[in-house]
Amino acid sequence: MKTTALNPPLLGYADRLSARPGDTLAFKVSSSCGKPFTARLVRSISADPNPAGPGIVEEDASSFFAMQSFPSVERPFYPGSYGIAKETISAPAGADWSFAVMIFPTQISGNPQTILGIGALDLHIDPSGYAGLTAGDHTVSSGTQLKLRHWYLIEAGMTDGELWLRQTAQGRLRANTVETRSKQNALPQMSGTPTIAAKMASGRITQHFNGKIEAPSISVNAKP
């Protein structure tokens, strides 16, 4: 993995901020160094790296924890808030399904942002700020750009082999509903673990949503 300022080769943290005498602390470490790293314990007197200040001042504390070597194991970290359901959903082959959710987008990032996702199904905001539904290789878009910091009801799904998406502005932006439909063949079955505000792809969380999400729901054959 390439080392950058945002991706240092060695990262770690303690599992708690404070402890009492006799308590046990666990340290979580990710290393992409490719060789063992060493760990030692010191008492920090000053952690100010400013050369005009006192500088880094430490006292050796190896009497409590002798310096040890550990194998490097890289543990990827994907920052951003999201939710993952405890159970998977698997709809019968050919079943109709739908999503419904209230969203309050706060940023168009130039990247896709998942609102709700299940396996090959992805309800999202596209890089240009349009609500969209992707099912495998097929995508339908609202065709109307979302306005930031306003609530929308987004409904989408598959009915009788037809993908559809419905977008309704709320509050003072309330307007006629925008709806898009597209008949497709070989649409994927709903199957997987639902995610909210991000997408699970190959065991990695991507496409974080920027904004608020309220009252998400998933229905199969019109049953929640």
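Residues numbered from 1 in each chain as written. Predicted model: local features only at pLDDT ≥ 70, side-chain atom pairs only at ≥ 80, totals over all residues. Heavy atoms only, no water.

Any chance you could explain the pattern of salt bridges here in plain terms?
Side chains bearing opposite charge may pair, as long as their charged atoms lie close to each other. The final tally for this structure, using the stated rule, is seven salt bridges. For the salt bridge of glutamate 155 with arginine 166, the shortest nitrogen-to-oxygen distance reads 3.5 Å. Of this pair, glutamate 155 sits in strand β14 (residues 152-159) while arginine 166 sits in strand β15 (residues 162-169), placing them 11 residues apart in sequence. Put simply, glutamate 179 and arginine 166 hold a salt bridge, and the shortest N to O gap is 3.0 Å. Separated by 13 residues along the polypeptide, glutamate 179 in strand β16 (residues 178-183) and arginine 166 in strand β15 bring together distant segments of the chain. Bridged by salt links that share partners, the residues Glu155, Glu162, Arg166, Glu179 and Arg181 form one connected network. (Salt bridge = Lys/Arg side-chain N within 4 Å of Asp/Glu carboxyl O. Helix = DSSP H or I, 4+ residues; strand = E, 2+ residues; numbered from the N terminus.)

What should I look at first to understand the environment of valine 220 in this one?
Tracing the sequence through the fold places valine 220 in strand β21 (residues 211-220). Residues valine 220 and proline 76 lie 144 residues apart in sequence; the distance between their C-alpha atoms is 34 Å. Once residues lying within four places of it in the same chain are set aside, the contact partners of valine 220 are Ala91, Pro92, Ala95, Asp96, Trp97 and Met190. (Contact = heavy atoms within 4.5 Å.)

Whenever I open this one, the sheet that holds β21 confuses me. Can you help?
Sheets are built from strands paired through backbone hydrogen bonds, the pairs being either parallel or antiparallel. In spatial order, the strands read β16-β15-β14-β9-β21; together these five strands make up an open sheet with antiparallel pairing. With one partner strand each, in any of the chains shown, β16 and β21 form the two edges of the open sheet. The average angle at which neighbouring strand axes cross in this sheet is 10 degrees, direction not considered. (Pairing = 2+ DSSP bridges. Axes fitted to C-alpha atoms, helices over the stretch in contact; angles between N-to-C directions.)

Can you help me understand a nonpolar patch on the surface in this one?
Taken together, the side chains of Tyr82, Ile84 and Met200 define a hydrophobic patch exposed on the protein surface, amounting to about 260 Å² of accessible area. Structurally, tyrosine 82 is set in the loop between β6 (68-70) and β7 (83-84). Overall, tyrosine 82 belongs to the partly exposed group, its relative accessible area being 36%. (Patch = residues over 30% accessible without salt bridge, like charges linked within 9 Å, V, L, I, M, F, W, Y side chains within 5 Å. Areas by Shrake-Rupley, 256 points an atom, 1.4 Å probe, with all protein chains shown as cover. Buried < 20%, exposed > 50% of the residue type's maximum accessible area, 1.4 Å probe, protein only.)

Just checking my understanding: could you explain the pairing of strand β9 (residues 97-105) for this structure?
Every regular strand shows the same layout, with side chains that alternate between the two sheet faces. Burial analysis of β9 places seven of its nine residues in the buried class, which makes it a mostly covered element. As paired strands, β9 and β14 are joined by seven bridges and run antiparallel to one another. When the bridges of β14 are listed, isoleucine 103 appears paired with tyrosine 152. Sheet topology note: the β9/β21 ladder contains eight bridges and is antiparallel. Within β21, the residue paired with tryptophan 97 across the bridge is valine 220.

What should I look at first to understand unusual backbone geometry in this one?
Glycine aside, residues mostly have negative phi, and peptide bonds are mostly found in the trans state. Even without being a glycine, arginine 149 presents a positive backbone phi close to 60 degrees. One can find arginine 149 in the loop between β13 (138-145) and β14. Judged by relative accessible area, arginine 149 falls into the exposed class, the value being 53%. One non-glycine residue, glutamine 207, lies in positive phi territory at about 55 degrees. Of note, glutamine 207 is situated in the loop between β20 (204-206) and β21. Since its relative accessible area comes to 23%, glutamine 207 is described here as partly exposed.

Is there a simple way to explain the sheet that holds strand β11 (residues 121-125) in this structure?
Pairing is antiparallel across the open sheet formed by six strands, whose spatial order is β7-β18-β10-β11-β12-β13. At either end of the open sheet lies a strand with only one pairing partner, and these are β7 and β13.

Explanation requested: the nonpolar core in the structure shown.
It is characteristic of soluble globular proteins that their nonpolar side chains tend to be buried jointly. One finds Phe99, Ile103, Leu123 and Leu133 to be the most contacted residues of the largest nonpolar core, which totals 29 residues. Discounting residues that sit within four places of it in the chain, phenylalanine 99 has contacts with Leu116, Ile118, Leu121, Leu123, Leu133, Ile154, Glu155, Ala156, Met190, Ser217 and Ile218. (Core = buried A, V, L, I, M, F, W, Y, C linked by side-chain atoms within 4.5 Å.)

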